[in-house]
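Chain by chain, the residues:
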Amino acid sequence: MQEPWFRKQTNAWYVEIDGVQTRLGPHPADRPPVKGKRGWAPPPEIVEAWHVRMREGGLAPATKAINAARLFDEFLAFVDETGKAKTRDWYRFFLQDFKDRHPAIDAAAVDESHVERWLRAKRKRTWGQSTRRGAITALKRVMSWAVKTRRLTESPIAHMSRPAVVRRERILTAPERGDILALYPEGDPF
């Protein structure tokens, strides 16, 4: 979207939205318009009106509905070009599982309830806390990429929290320790 511009004939500020010139308001009467190097400099009141129109008036360009499965495929193609195969496989593991459970959902319609149901779904092996964290991380990354590439106007799960990382810690039993030490020759400083 273009920045506001000043029209001398009407002494007002305008902005173009979806190809239509929209009036933001008149220039303040208490001071003259200022022309800078890049053209007319909008006063703070006009800048604020412009931001309000963008935020509350729904004037940001409308996003075409995109199926989550298609979005995931486009993201994986992007990761193919920019990342490593291991990274792509990590994303594919989670995204394919989500696609299998929600094949027809629009990406913008995905909300926390869908994600929670997906995380709790029955599987051969139940996902632990760290795996659930990874699943949410993968989904959030796809959605933020979609916003950055203008496929979505905002991430529907941007504020979703993730479970904490669980540290894997296990103390070896005496027989396990003995098995490991048996692999080294006697007198080895290890």
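Participant: How do you make sense of the packing of aromatic side chains when you look at a structure like this?
Facilitator: Each aromatic ring pair is characterised by the separation of its centres together with the angle its planes make. Evaluated as defined, the whole model comprises 15 aromatic pairs. Taken together, a centroid distance of 5.4 Å and an interplanar angle of 85° make the contact between W118 and W127 edge-to-face. For W127, a relative accessible area of 8% gives the class buried. Here the aromatic residues F72, F75, F78, W90, Y91, F93, F94, F98, W118, W127 and W145 are joined through ring pairs into a cluster of three or more. A cation over an aromatic ring shows up here: R7 above the ring of Y14, its NZ or CZ 4.4 Å from the ring centre. Taking the ring centre of W127 as reference, the NZ or CZ of R123 above it sits at 3.5 Å.

Participant: What should I look at first to understand the packing of helix α2 (residues 68-82) against helix α5 (residues 129-148) in this one?
Facilitator: The relative placement of two packed helices comes down to the angle between their axes together with the axis-to-axis distance. Interhelical geometry of α2 versus α5 gives an angle of 85° and a closest axis separation of 10 Å. Of the possible angle classes, the one that applies to α2 and α5 is roughly perpendicular. Taking contact as the criterion, the partners of L71, F72, E74, F75 and F78 in α2 are, on α5, L139, R141, V142, M143, W145 and A146. By residue class, the composition of the contact of α2 with α5 is nine nonpolar, no polar and two charged.

Participant: It is not clear to me how the environment of L152 should be interpreted in this structure. Could you clarify?
Facilitator: Positionally, L152 belongs in the loop between α5 and α6 (174-182). Residue classification places L152 among the buried positions, given a relative accessible area of 4%. Linking L152 and A174, residues 22 residues apart in sequence, is a C-alpha distance of 56 Å.

The rules behind these values
- Residues numbered from 1 in each chain as written.
- Predicted model: local features only at pLDDT ≥ 70, side-chain atom pairs only at ≥ 80, totals over all residues.
- Heavy atoms only, no water.
- Phe/Tyr/Trp six-rings, centres within 6.5 Å; stacked < 30°, edge-to-face > 60°.
- Buried < 20%, exposed > 50% of the residue type's maximum accessible area, 1.4 Å probe, protein only.
- Lys NZ or Arg CZ within 6 Å of the ring centre and 35° of its normal.
- Axes fitted to C-alpha atoms, helices over the stretch in contact; angles between N-to-C directions.
- Helix = DSSP H or I, 4+ residues; strand = E, 2+ residues; numbered from the N terminus.
- Parallel < 35°, antiparallel > 145°, perpendicular 65-115°, else oblique.
- Contact = heavy atoms within 4.5 Å.
- Nonpolar A, V, L, I, M, F, W, Y, C, P; charged D, E, K, R; others polar.

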